[in-house]
Amino acid sequence: MKIRNYLGLVAVLLFCTACPKDDDGPTAIPLRDRGEQAAEDDALIRDFLQTHFYNYEEFAAAAPDFNGKIVFDTIAGDNADKTPLIDQVTTKTFNRVETDQTIYILEAREGVGEFTPTFADSTFVNFRGIKIEEVTDDSDNLIGTYLADSPFDSTANPIWLDLVATIEGFAKGVAGSKPGSGMPTDPDGDGTFTFAQDYGVGAVFMPSGVSYYAAPPANSGLGLYANLVFVYDTLLAEQADHDNDYIPSILEDVNNNGFLFDDEEDNTDGDAVPNFRDPNDENDGVITRLEVEIETDDDGNFVAFVGFLDTDNDGTPDHLDTDDDGDGRLTINEIVINADGSVTYTDTDGDGTPDYLDADS
């Protein structure tokens, strides 16, 4: 799936092999200014939202034979009195590569599931991605917008998607879309499984700056700086813990900016592995699992994350603190890492508290 090809935005130079300069090889084409591109993208998306509507009346009526699919159409003629999309969407604005980017989210139907996924979680979805095309005059002024005839990417059957591994506009759009009531059923016993019509249905309209920008997927036909709409069904959702350290991945966005890959803030030990994928975030020799508070069952099995521990009350939780007890000695110097990689937690004064958690050891 093309939507899974990109984890983030990268600054790249494209080369136009069809335009060689003399015989010196291809000519580098510099990227467009991101601020200017964002403004153009937003104007194009808003034009589409102002001039189009979706089949909201079918969603409101919820007839037994309604398939729950979003259909877009132009506000004109017999549809001149329809409510435009611009009046039915919500927005999210976030800064990427020093540029504010705004996505527009349509919630056609709210799911009934209890868990609301974040951009760091996993969802079982159907989707289709379509390019928003533009019509311009001879001076490149925007005249109108419409959708491409066919999707550039879509699912034939629902798939699990780790939202962190998708383009950011999609992840931020699906975040907040509640799933349905549960797993599919086979009511007729013929091997045809269906979901109850109670799952989330929505769409996200996104600028190129949080989709593929100047690096579209191969053979997608998108071209550079494509603005997109993804329509999706959120069937199921699960909270993600990518490194199995008991901390939900969304809570490892240390600076809480909606991005898990910040070089410094989200990678405490600077080891090229961001915290949400690192089982020992600060590389102090004590795995993160042992530095958080959890709920367990009667057999000692993990049930749920409860909260962060801060042994020395210095405001830095233990899993991000290289001196957990604040005694001036690094945690890694108060344990013994054996030759086989196992760890011995020394307790010098024999009081039952290991040295690395004991300020008076």
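Rules behind the numbers
- Residues numbered from 1 in each chain as written.
- Predicted model: local features only at pLDDT ≥ 70, side-chain atom pairs only at ≥ 80, totals over all residues.
- Heavy atoms only, no water.
- pLDDT = per-residue confidence, 0-100.
- Contact = heavy atoms within 4.5 Å.
- Helix = DSSP H or I, 4+ residues; strand = E, 2+ residues; numbered from the N terminus.
- Buried < 20%, exposed > 50% of the residue type's maximum accessible area, 1.4 Å probe, protein only.
- Salt bridge = Lys/Arg side-chain N within 4 Å of Asp/Glu carboxyl O.

### Quick word on the confidence of the model for the protein chain
Part 1: Averaged over all residues, the pLDDT of the protein chain is 92; the fraction at 70 or higher stands at 93%.
Part 2: The low-confidence segment residues 6–21 (pLDDT under 50) makes 38 contacts with residues lying over four places distant or belonging to another chain.

### Focus on unusual backbone geometry
Part 1: For Val97, which is not a glycine, the phi torsion comes out positive at approximately 50°.
Part 2: Here Val97 shows up in the loop between β5 (89–96) and β6 (99–109).
Part 3: A residue is classified by how much of its surface remains accessible, and Val97, at 45% relative accessible area, is partly exposed.
Part 4: Despite not being glycine, Tyr225 shows a phi value in the positive range, around 55°.
Part 5: Inspection of the secondary structure puts Tyr225 in the loop between β11 (200–206) and β12 (228–238).

### With respect to the pattern of salt bridges
Part 1: Taken as a whole and assessed by the stated rule, the structure comprises seven salt bridges.
Part 2: Asp233 serves as the salt-bridge partner of Lys69, at 3.0 Å between the closest nitrogen and oxygen. One end of the pair, Lys69, is in the loop between α2 (56–61) and β4 (72–74); the other, Asp233, is in strand β12, and 164 residues separate them in sequence.
Part 3: On the basis of relative accessibility, which here comes to 33%, the residue Lys69 falls in the partly exposed class.
Part 4: Residue classification places Asp233 among the buried positions, given a relative accessible area of 5%.
Part 5: A salt bridge links Glu168 to Arg96; the nearest nitrogen and oxygen atoms lie 2.8 Å apart. Highlighted residues: Glu168 in helix α3 (residues 168–174) and Arg96 in strand β5, separated in sequence by 72 residues.

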